[in-house]
Amino acid sequence: MKQTTFDARTALLAGAVLFSTATASYAGAKDYEFQAVQTDIKQGPGTVVSVRLVDKRTGKAVPDAVIFTTRMDMAPEGMETMTTPVEPSTSTEAGVYAFTTNLSMEGGWRFQIAAKVQGEPETVQGELVLKAMP
Ligand SMILES: [Cu+2]
């Protein structure tokens, strides 16, 4: 009986420690958000997709982030394996990140993006749903 009580307490303590660690490590990245500048995109090659990275604490765009992964697929249409390449493009607005891609099929596309923000150790991740229009 005593042993059981001890185990339960230990488990509770361990849980509390895990929980606080997880909360602390994700607090930073959650302060940032990727927003689509435009969700309706022209279907076809050479299409430009622009996303704004926003600091939710200030509402301001965040310049000089390093984008290091992107993935564009048709998950919103149940076609997760249908992907298309995404290349970085030049943006004229600070805090807006532009890409060229080929939305080869009309319909919903999911754009996943990850970035490093200066002074933020956590990776900032975003997921946007775009619509390729004729
Ligand atoms: Cu498709």
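What you are looking at is a predicted structure, and each value in this text was computed from that prediction instead of being measured. In this numbering scheme, every chain counts its residues from 1 along its sequence in written order. Only residues with pLDDT of at least 70 are given local features in this predicted model, and only at 80 or more are side-chain atom pairs given and counted; all residues enter the totals for whole chains, interfaces and linings. Computation of side-chain values: all heavy atoms of the structure, hydrogens and water removed.

Novice: Residues and numbers for the packing of aromatic side chains, please.
Specialist: Two rings from Phe, Tyr or Trp (for Trp, the six-membered ring) form a pair when their centres are within 6.5 Å of each other. A pair whose planes differ by under 30 degrees is stacked, one over 60 is edge-to-face, and the rest are tilted. For the structure shown, the criterion picks out 1 aromatic pair. With a centroid separation of 5.3 Å and 75° between ring planes, the pair formed by Phe-99 and Phe-111 is classed as edge-to-face. With Phe-99 in strand E8 (residues 96-103) and Phe-111 in strand E9 (residues 107-116), the pair connects residues that are 12 residues apart, well separated along the chain. Taken as a pair, Phe-99 and Phe-111 share a single burial class, namely buried. Going along the chain from the N terminus, every DSSP run of H or I of four or more residues is numbered as a helix, and every run of E of two or more is numbered as a strand. Here the term buried applies to any residue with accessible area under 20% of the maximum for its type, exposed to any over 50%, and partly exposed to those in between, with areas from a 1.4 Å probe on protein chains only.

Novice: Describe the confidence of the model for the chain, and please don't skip the residues or the numbers.
Specialist: Per-residue confidence for the chain gives a mean pLDDT of 87; residues scoring 70 or more make up 80%. Values of pLDDT, ranging from 0 to 100, describe the predictor's confidence in every residue of the model. Averaged pLDDT values over the elements of the chain bottom out at 50 in helix H1 (residues 2-27) and peak at 98 in strand E6 (residues 79-84). Predicted confidence is poor over residues 20-26, with pLDDT under 50, and the contacts of this stretch with residues over four places away or in other chains come to 2 contacts. Note on definitions: a residue-residue contact is assigned when non-hydrogen atoms from the two residues lie within 4.5 Å.

Novice: Run through the coordination of the copper ion, naming residues and quoting values.
Specialist: Ideal values for angles at a metal depend on the geometry: 109.5 degrees with four tetrahedral donors, 90 or 180 degrees with six octahedral donors. Water is absent from the atoms considered, so a metal site may look incomplete; donors are defined as N, O and S atoms within 2.8 Å of the metal, or 3.2 Å for Na, K and Ca. Protein-derived ligands of the copper ion are Met-74 (SD), Met-79 (SD), Met-82 (SD) and Met-105 (SD), with the metal-ligand distances lying across 2.2 to 2.7 Å. Every geometry call rests on angle ranges, with four donors termed tetrahedral when all angles are between 85 and 135 degrees, four termed square planar and six termed octahedral when opposite donors are over 155 degrees apart and all others are between 65 and 115, and everything else termed irregular. For the copper ion, the 4 donor atoms in the first shell make angles of 100 to 130° at the metal, so the coordination geometry reads as tetrahedral. Coordination of the copper ion draws on donor residues from a single chain, spaced M-x4-M-x2-M-x22-M in sequence. One end of the pair, Met-79, is in strand E6; the other, Met-105, is in the loop between E8 and E9, with 26 residues separating them in the sequence.

Novice: Residue-level account of the pairing of strand E7 (residues 86-89), with values.
Specialist: Pairing between two strands requires that DSSP report at least two bridges joining them. With 4 bridges connecting them, E7 and E8 associate as antiparallel partners. Bridge pairing in E8 links Val-86 to Thr-101. Connecting E7 to the next strand, E8, in antiparallel fashion are 6 residues, including Gly-95 with a positive phi near 90°.

Novice: Hey, could you go over the nonpolar core for me, with residue numbers and the actual values?
Specialist: Ranked by size, the top nonpolar core spans 24 residues in total, and within it Phe-34, Val-51, Leu-53, Met-72 and Phe-111 carry the most contacts. Breaking this core down by element, the ones donating at least two residues are strand E1 (32-36), strand E3 (44-55), strand E5 (66-74), E8, E9 and strand E10 (123-133). Apart from the residues within four sequence positions on either side, Met-72 is in contact with Val-49, Met-82, Thr-83, Thr-84, Val-86, Thr-101, Leu-103, Trp-109, Arg-110, Phe-111 and Leu-130. We call a set of buried Ala, Val, Leu, Ile, Met, Phe, Trp, Tyr and Cys residues a nonpolar core when their side-chain atoms join them within 4.5 Å.

Novice: Quick rundown of the side chain of Arg-110? Include the residues and the values.
Specialist: With respect to the helices and strands, the residue Arg-110 is situated in strand E9. For Arg-110, a relative accessible area of 13% gives the class buried. Among the polar contacts listed, one links the side chain of Arg-110 to the side chain of Glu-80, at a separation of 3.5 Å. Filtering out sequence-adjacent residues up to four positions away, Arg-110 remains in contact with Arg-71, Met-72, Asp-73, Ala-75, Pro-76, Glu-80, Glu-127 and Leu-128. Pairing of N or O atoms within 3.5 Å defines a polar contact, subject to two protein rules: one partner must be a possible hydrogen donor and the other a possible acceptor, and residues neighboring in sequence count only if both atoms are side-chain atoms.

Novice: Describe unusual backbone geometry, listing the residues and the values that go with them.
Specialist: Even without being a glycine, Asp-64 presents a positive backbone phi close to 65°. Tracing the sequence through the fold places Asp-64 in the loop between strand E4 (60-61) and E5.

Novice: Let's hear about the sheet that holds strand E2 (residues 40-42): which residues, and what values?
Specialist: The strand order across the open sheet built from 5 strands is E2-E10-E9-E5-E6, with neighbouring strands paired in mixed fashion. Looking along the sheet, the strands with just one partner apiece sit at the ends: E2 and E6. On average, adjacent strands in this sheet sit at an angle of 40° to one another, irrespective of strand direction. Here E5 pairs with E6 via 3 bridges, running antiparallel. Looking across to E6, one finds that Met-72 is bridged to Thr-84. Only the contacting stretch of a helix is used when fitting its axis, a line to C-alpha atoms as for every element, and angles between N-to-C directions run 0 to 180 degrees.

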